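# Structural description and commentary
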Amino acid sequence: MGKATIIPFGPQHPVLPEPLHLDLVVEDEKVVEAIPQIGFVHRGLEKLVETRDYNQFIYVAERICGICAFGHSYGYAETVERLMGVEVPERAQYLRVIWHELSRVHSHILWLGLAADAFGYESLFMHCWRLRERVLDIFEKTTGGRVIFSVVKVGGVVRDIDAAQLAEIIRVLEGIKQDYKQIMDAFLKDSSVMNRTVGVGYLSFEDATNLSMVGPFARASNVPYDVRSLGIGAYGSLSDFEPIVDAQGDCYARMKVRALEVLQSIDIIEEMIARIPSGDIAVAVKGSPADGAEAACVVEQPRGECYYYARGNGSKNLERMRMRTPTSQNLAGMVKALEGCDLADVNMVILTIDPCISCTER
Amino acid sequence: MSYATKSPWVIHYDGSSCNGCDIEVLAALCPGYDVERFGIINTGNPKHADIFLVTGSINEQNISVVQEIYNQMVEPKVVIACGICACSAGIFHDCYNVIGGVDKAIPVDVYAPGCAVRPEAIIDAVVQGLAILDEKSKALKAQKKGA
């Protein structure tokens, strides 16, 4: 056993797309302990509810994170609607789910690309990001934005997707599916990929439940928890939904869960488009949330369960807005998974929890 | 500018951005926009980089990191503020933990606005940055001759 050495990792590091600092305590090449330090991205945006009214804050909410931007505006709007007792038209609920699942497709493909980059498979990274551009093209055609859409409002959505565009989405997704299957084979069957990921960064079912992990990170440790199976909003009308789980609990399992979830999301979008009802896309929302009224909501973001809480004070501004984002949950499991891994695998383990630091710190 | 005298390498640091601009910076390097075909490479080493792409605004925690990367970069160097948060802190300007745009920490040469900044805007800013890089490099050479 060698002497313990501390290696600082981040916040600016080639493999880290986002600023996170870790003090890695290593003995020889094995990581004994990882001590995270966060706060590089903290903006303090929850406090902005005091100066922005509940309609304006939706644009702040969606800038919590640029990858799951739609999910945050969706979760915030849903919470405020519960707070004020607003019934959202069914078509708007379906449209929200379509955009939300499209965000998951783009987020997971983006992540697969970053994972490929982390284990040194540059061409696969490029292929993933090329495929992702086609999802962004759908966003651009239907909302006008590539990253931030500003398409949700309290009471519904701002824009409709007409029948021709819906048919176009189906056509594009079919094309993506064909190309995606090839990429997925590279991730799940390539022996060099398996050498880097199988057995690395193991997290047991007990640890995952004790540390209350969420999202694909938990599902890869066999925790069958997915908010979508609760059937909130239009998810309730899905004919069938089973969370994708894997029992292995290693980096490979996390990759596999996300890889399969892309196909699952595409299926959900196709089902939603086939069943979408006609009608209004928004209702007018008047008045302010009542003093002391409280509401909460959970949304399955690409990275896992995100919890929203809001309290009104009788004015246009909310008294309190609180989000608990998936990565702030998952950091505890990441530290656990890092213990005992090789120094060279650290980047792989960090990436497989799909950290979103700007969500975490807000 | 009719031609570029060199292929700049870029370094990217995420100040306190929401990731939106970061993925657009990466998207500009990847197929679709593909500036790598002009030899523009994303490096993690400040000493290798000519252009510093900063996304997101500056806060107490990251101001020293941004300054450290800037100081480590070798002259001539160009700083591009990518996205409205890097330019002026945008929607977060009145957050308690936000000091302001990147120019509160280091000198900025080109501002690329947008929320999120579009890859086209980043490419345009890098082209403008290249011209500035050329000028700075000429000035450096002249200074050396004079000395």
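For the structure itself, consult the block above.
The present account deals with the structure reproduced in this document. (Residues numbered from 1 in each chain as written. Chains lettered and ligands numbered in written order. Predicted model: local features only at pLDDT ≥ 70, side-chain atom pairs only at ≥ 80, totals over all residues. Heavy atoms only, no water.)

Let's shift gears to the overall build of chain B. Helices and strands together make up the secondary structure of chain B, namely 4 helices and 5 strands. Going from the N terminus to the C terminus, chain B shows its helices and strands as β-α-β-β-α-β-α-β-α. Taking 15 Å as the expected radius of gyration for a compact globule of 147 residues, we find that chain B reaches 15 Å, a close match to that expectation. A buried classification covers 56% of the 147 residues belonging to chain B. (Helix = DSSP H or I, 4+ residues; strand = E, 2+ residues; numbered from the N terminus. Rg over C-alpha atoms; globule rule 2.2 N^0.38 Å. Buried < 20%, exposed > 50% of the residue type's maximum accessible area, 1.4 Å probe, protein only.)

This part covers the interface of chain A and chain B. Residue-level contacts link 41 residues of chain A with 38 residues of chain B. Between chain A and chain B, the buried area comes to about 3,200 Å², and carbon and sulfur atoms account for 62% of it. Across the contact surface, chain A and chain B share 3 salt bridges. For Arg118(B), the salt bridge goes to Glu140(A), with nearest N and O atoms at 2.7 Å. For the pair chain A and chain B, the interface holds 11 residue pairs in polar contact (both at pLDDT 80 or more). Broken down by element, the residue count for the side of chain A that touches chain B peaks at 7 residues, all from helix α4 (residues 122-143) of chain A. Among the residues forming the side of chain A that touches chain B, the class breakdown is 22 nonpolar, 9 polar and 10 charged. (Contact = heavy atoms within 4.5 Å. Buried area = accessible area lost by both parts, 1.4 Å probe. Salt bridge = Lys/Arg side-chain N within 4 Å of Asp/Glu carboxyl O. Polar contact = N/O pair within 3.5 Å; in protein donor to acceptor, adjacent residues only side chain to side chain. Nonpolar A, V, L, I, M, F, W, Y, C, P; charged D, E, K, R; others polar.)

Take the pairing of strand β4 (residues 78-82) of chain B next. All names here are of chain B. Of all 5 residues making up β4, 5 are buried, and the element is well covered by its neighbours. Neither face of β4 is open: one carries Val78, Ile80 and Cys82, the other Val79 and Ala81, and all of them are buried. Running through helix α2 (residues 63-72), the crossover from strand β3 (residues 51-55) to the neighbouring parallel element β4 is right-handed. Pairing geometry for β4 and strand β5 (residues 110-112), over 3 bridges, is parallel. The residue of β5 that forms the bridge with cysteine 82 is alanine 112. (Right-handed = clockwise from strand over helix to strand, strands pointing away. Pairing = 2+ DSSP bridges.)

The peptide bond linking Glu75(B) to Pro76(B) adopts the cis configuration, its omega dihedral lying at -5°. Relative to the elements of secondary structure, Pro76(B) occurs in the loop between α2 and β4. In the segment running from Cys115(B) into Ala116(B), the intervening peptide bond is cis, with an omega of -10°. Relative to the elements of secondary structure, Ala116(B) occurs in the loop between β5 and α4 (119-146). Even without a glycine there, the phi angle at Ser212(A) is positive, about 40°. As for its position among the elements, Ser212(A) is in the loop between α7 (205-210) and α8 (215-219). With a phi angle near 55°, Asp354(A) is a residue other than glycine that sits in the positive phi range.

So, about α4(B). All names here are of chain B. Given a rise of 1.5 Å per residue, 28 residues ought to cover 40 Å, and the 40 Å separating the end C-alpha atoms of α4 matches this to within 8%. Restricting attention to buried positions, one finds in α4 the residues Pro119, Ile122, Ala125, Val126, Gly129, Leu130, Leu133 and Asp134. Those residues of α4 that are buried lie in contact with α1 (20-29), β3, β4 and β5. (Expected span 1.5 Å × (residues − 1).)

To continue, consider the pairing of strand β3 (residues 30-37) of chain A. Here 7 bridges tie strand β2 (residues 21-27) of chain A to β3(A), and the two strands are oriented antiparallel to one another. By the bridge assignment for β3(A), Asp23(A) is matched with Ile35(A).

With that out of the way, let us pick up the sheet that holds β2(A). Residue and element names in this part refer to chain A. As summarised here, the arrangement of the 3 strands in space is β1-β2-β3, forming an open sheet in which the pairing is antiparallel. The two strands at the open ends of the sheet, each matched to only one other strand, are β1 (4-9) and β3. Here the strands of the sheet are splayed against their neighbours by 20° on average, with no regard to which way each runs. With 6 bridges joining them, β1 and β2 adopt antiparallel strand pairing. Of the residues in β2, the one forming a bridge with isoleucine 6 is valine 25. Strand contacts of helix α10 (residues 326-338): β2 and β3, with the helix running at about 160° to β3, the strand carrying the most contacts. (Axes fitted to C-alpha atoms, helices over the stretch in contact; angles between N-to-C directions.)

Turning our attention to the nonpolar core. Membership of the largest hydrophobic core comes to 175 residues, with the highest contact counts inside it found for Phe57(A), Trp129(A), Phe187(A) and Phe52(B). Sorting elements by how many residues they give to this core places helix α3 (residues 90-118) of chain A first, with 16 residues. Setting aside residues up to four positions removed in sequence, Trp129(A) forms contacts with Leu110(A), Gly113(A), Leu114(A), Ile23(B), Leu26(B), Ala27(B) and Cys30(B). (Core = buried A, V, L, I, M, F, W, Y, C linked by side-chain atoms within 4.5 Å.)

Mapped onto the fold, Arg52(A) is located in the loop between β3 and α1 (57-61). Residue classification places Arg52(A) among the buried residues on the basis of a relative accessible area of 14%. At a separation of 2.8 Å, a polar atom in the side chain of Arg52(A) contacts the main-chain carbonyl oxygen of Ile91(B). Not counting chain neighbours up to four residues away, the residues in contact with Arg52(A) comprise Phe57(A), Val60(A), Asn317(A), Ile91(B), His93(B) and Asp94(B).

A rise of 1.5 Å per residue sets the reference length of α3(A), with its 29 residues, at 42 Å; its end C-alpha atoms lie 42 Å apart and thus fit the reference within 8%. Most of α3(A) sits inside the fold, with 26 of its 29 residues counted as buried.

Following the criterion strictly, the structure yields 0 disulfides over all chains and no others. Here Cys21(B) stays free of any disulfide, with the sulfur of Cys18(B) as its closest cysteine sulfur at 6.1 Å. Taking relative accessible area as the criterion, Cys21(B) reaches 9% and is therefore assigned buried. Take Cys30(B): it sits in no disulfide, and the sulfur closest to it among the cysteines is that of Cys128(A), at 9.9 Å. (Disulfide = S-S within 2.5 Å.)

The next subject is the sheet that holds strand β6 (residues 294-301) of chain A. All names here are of chain A. If you walk across this open sheet you meet the 3 strands as β6-β7-β8, and the pairing is antiparallel. If you trace the sheet from one side to the other, it starts and ends with β6 and β8 (318-324), each paired once. Ignoring strand direction, the axes of neighbouring strands in this sheet form an average angle of 15°. Judged from the 8 bridges that link them, β6 and strand β7 (residues 304-312) form a sheet pairing that is antiparallel. Among the inter-strand pairings, glutamate 294 is bridged to a residue of β7, identified as arginine 311. Together, β6, β7 and β8 form the strand contacts of helix α2 (residues 69-84), whose direction differs from that of β6 by roughly 155°.

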